[in-house]
Amino acid sequence: MLCGASRAAAQAKPLAGTDVPQIYDRLLKQIEKIPIYDNHSHATFPDDSDMDAMAAPPDESSVLRLRDDNPEFVAAAKALFGYPYADFKPEHAKWLIDKKKAAEASGSTAYWDSILDKLNIETCLANRVALAPYLDPKRFHWVFFMDSVMFPFDNRAQAARNGDMGVYIPLQEKVLRRYMKQENVSGLPADLAGYEDFVRRTVEDNQKKGGVAMKFEAAYFRSLYFSDPPRETAEEIYAKYHAGGVPSADEYRIFQDYVFRVLVDEAGKRNLPMHFHSAVGIGDYFSMRNGNPLNLENVVRDPRYSKVKFVLIHGGYPYTLDMIWMTAAKNVYTDSSLMGYYVYPSELKRILKQWISLFPDRMMFGSDAFPFNDAVGAEETFWLAARSARTAIAAALAELVSEGAFNEQKALELARMYLHDNAAKLYGAQ
Ligand SMILES: [Zn+2]
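If you're wondering where the values come from, they're calculated on a predicted model, not measured in any experiment.

Engineer: Please clarify how the coordination of the zinc ion should be interpreted in this entry.
Structural biologist: Binding of the zinc ion to the protein goes through H40 (NE2), H42 (NE2) and D368 (OD), at separations of 2.0 to 2.2 Å. In the primary sequence, the donor residues of the zinc ion line up as H-x1-H-x325-D. With a gap of 328 residues between them, H40 in strand β1 (residues 36-41) and D368 in the loop between β8 (363-364) and α15 (378-402) connect regions that are remote in the sequence.

Engineer: Any chance you could explain empty space enclosed by the protein here in plain terms?
Structural biologist: Rolled over the atoms, a probe with the dimensions of a water molecule shows which regions are left empty. Tallied over the full model, the rule gives one cavity of 30 Å³ or more. Of the voids in this model, the largest cavity is the one considered here, and its volume is about 60 Å³. Among the residues making up the lining of the largest cavity, the classes are represented as two nonpolar, no polar and five charged.

Engineer: I would appreciate a short explanation of the sheet that holds β8 in the present structure.
Structural biologist: The strands making up a sheet associate through backbone hydrogen bonding, with each pair oriented either parallel or antiparallel. Across the sheet, eight strands lie side by side as β1-β2-β3-β4-β5-β6-β7-β8; this open sheet has parallel pairing. A strand with exactly one partner marks an edge of an open sheet, and here the two such strands are β1 and β8. Of the strand pairs in this sheet, strand β5 (residues 274-277) and strand β6 (residues 310-313) are connected by four bridges, and their pairing is parallel. Residue M274 lies in a different strand from β6, and its bridge partner there is F310.

Engineer: I would appreciate a short explanation of the pattern of salt bridges in the present structure.
Structural biologist: Note on pairing: side chains with opposite charge can pair once their charged atoms come close. Summed over the entire model, instances satisfying the criterion amount to 36 salt bridges. Salt-bridge contacts for E32 lead to R387; the nearest nitrogen and oxygen are separated by 3.1 Å. Of this pair, E32 sits in the loop between α1 (20-31) and β1 while R387 sits in helix α15, and the two are 355 residues apart along the sequence. Looking at R387, the relative accessible area reads 29%, which means it is partly exposed. With its nearest N and O atoms 2.7 Å apart, the salt bridge here joins K353 to E403. In this pair, K353 is assigned in helix α14 (residues 345-356) and E403 in the loop between α15 and α16 (408-428), connecting sequence segments 50 residues apart. Like E403, K353 is buried.

Engineer: Any chance you could explain the pairing of β6 here in plain terms?
Structural biologist: In regular strands, side chains alternate between the two faces of the sheet. Of the two faces of β6, the one holding F310 and L312 and the one holding V311 and I313 are both buried throughout. In this structure, β6 lies alongside strand β7 (residues 332-335), joined through three bridges in parallel fashion. Bridged to V311 within β7 is Y333. With helix α12 (residues 320-326) bridging β6 and the parallel β7, this β-α-β connection has right-handed handedness.

Engineer: What's the story with the packing of helix α7 (residues 192-208) against helix α9 (residues 249-270) in this structure? I'm lost.
Structural biologist: Angle between the axes and distance between the axes: these two values describe a pair of packed helices. Interhelical geometry of α7 versus α9 gives an angle of 40° and a closest axis separation of 10 Å. By the angle class used here, α7 and α9 are oblique. Of the two possible hands of crossing, α7 and α9 adopt the one that is right-handed. On α9, the residues that touch L192, Y195, E196, V199, R200, V203, E204 and Q207 of α7 are F255, Y258, V259, V262, L263, D265, E266, K269 and R270. Split by residue class, the contact of α7 with α9 holds nine nonpolar, one polar and seven charged.

The rules behind the values
Residues numbered from 1 in each chain as written. Predicted model: local features only at pLDDT ≥ 70, side-chain atom pairs only at ≥ 80, totals over all residues. Heavy atoms only, no water. Donors = N, O, S within 2.8 Å, 3.2 Å for Na, K, Ca; no water. Helix = DSSP H or I, 4+ residues; strand = E, 2+ residues; numbered from the N terminus. 1 Å grid on protein atoms, 1.4 Å probe; cavity = no way out; pocket = protein on both sides within 12 Å on 5 of 7 lines; lining within 4 Å. Points joined across faces, edges and corners; volume = space filled by probe spheres on them. Nonpolar A, V, L, I, M, F, W, Y, C, P; charged D, E, K, R; others polar. Pairing = 2+ DSSP bridges. Salt bridge = Lys/Arg side-chain N within 4 Å of Asp/Glu carboxyl O. Buried < 20%, exposed > 50% of the residue type's maximum accessible area, 1.4 Å probe, protein only. Right-handed = clockwise from strand over helix to strand, strands pointing away. Axes fitted to C-alpha atoms, helices over the stretch in contact; angles between N-to-C directions. Parallel < 35°, antiparallel > 145°, perpendicular 65-115°, else oblique. Left-handed = near helix turned anticlockwise from the far one by under 90°. Contact = heavy atoms within 4.5 Å.

Structural data, given as structure tokens:
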């Protein structure tokens, strides 16, 4: 028993009281003032192909909140730009599109800084193929993609697996060609040692260019379960296919598992956090089982990697309880990106309440700001994500305060950890 704590307030109650709305109002007023550190975004103009290493396959099904007729997007455009219309009919949307095109044509970094300022976002990670000249490097820090080095061989069988892969694979090949050009590699090196050297140099140079983390969208292509094959096996596969020929599914997977281990090793050496898409995903063939964060347990709990920081983004949604328990490992973090606009604030409140009651020092805000079309851009999704997160965390904490879990001062400290401090500590420690 903790005798020293015996004079603390009574045990927390399972029901919140009638004072929740008042506590919520008081907390929200303070929470609005907390500058946000955004762990994951795709800050971009909609016609910039560097915004992501992926593209949405056609005809994918969208969650209700992200459909074009969500009135919250009109509210976002009004709040950010004074948009004078109540819908996005083409003749109205033109007003907004013209404004954004003019900002893009100016080439200045002031525009995106001003969007962050309006939402009180201090720092923002930009997950992109390359950083854009219109993003201020003081505010936007680059997270680069590394999946492409897992696809060096003839990918015809991979691309033929389904319609989604038919869209994704050529884009991975494009990023790989770009990295080969960056490293002055004209063709695949003659042996695995040469290829590993190319992979490690790519990571090194991306970090030198300002990269603060490397990102994997692997869950879209394969399981997040990575085995630990011996180097000789990877060497044999590389020798067999580097000059041509289509590897079997098993051979390709084993080779990828090996290259992945090289990347984890390099991330540890360079103190570069690794970001993973670990949640549901877009497309018609996404496998929830493959994207489940529990697949990574053998990697994040491997003593060889205890110094590597693993950031499992999108909260593992819908496996959010599994996710927060993954962060019981001291080198694992998660964020509320994507799910923060997939669900409405009432549901986000429920998830954040669970998280903040367990490991408040491992959870971060992420917007996953992304352009949905020429009118509804990353600007509006920044707004939606930031508004949703501030209100949801205020509501979660108001309930906990009313239930007697802790006082309002402690609640604000926890809110600051989620919205800013945990991320600032993770990336600032580099
Ligand atoms: Zn994203």
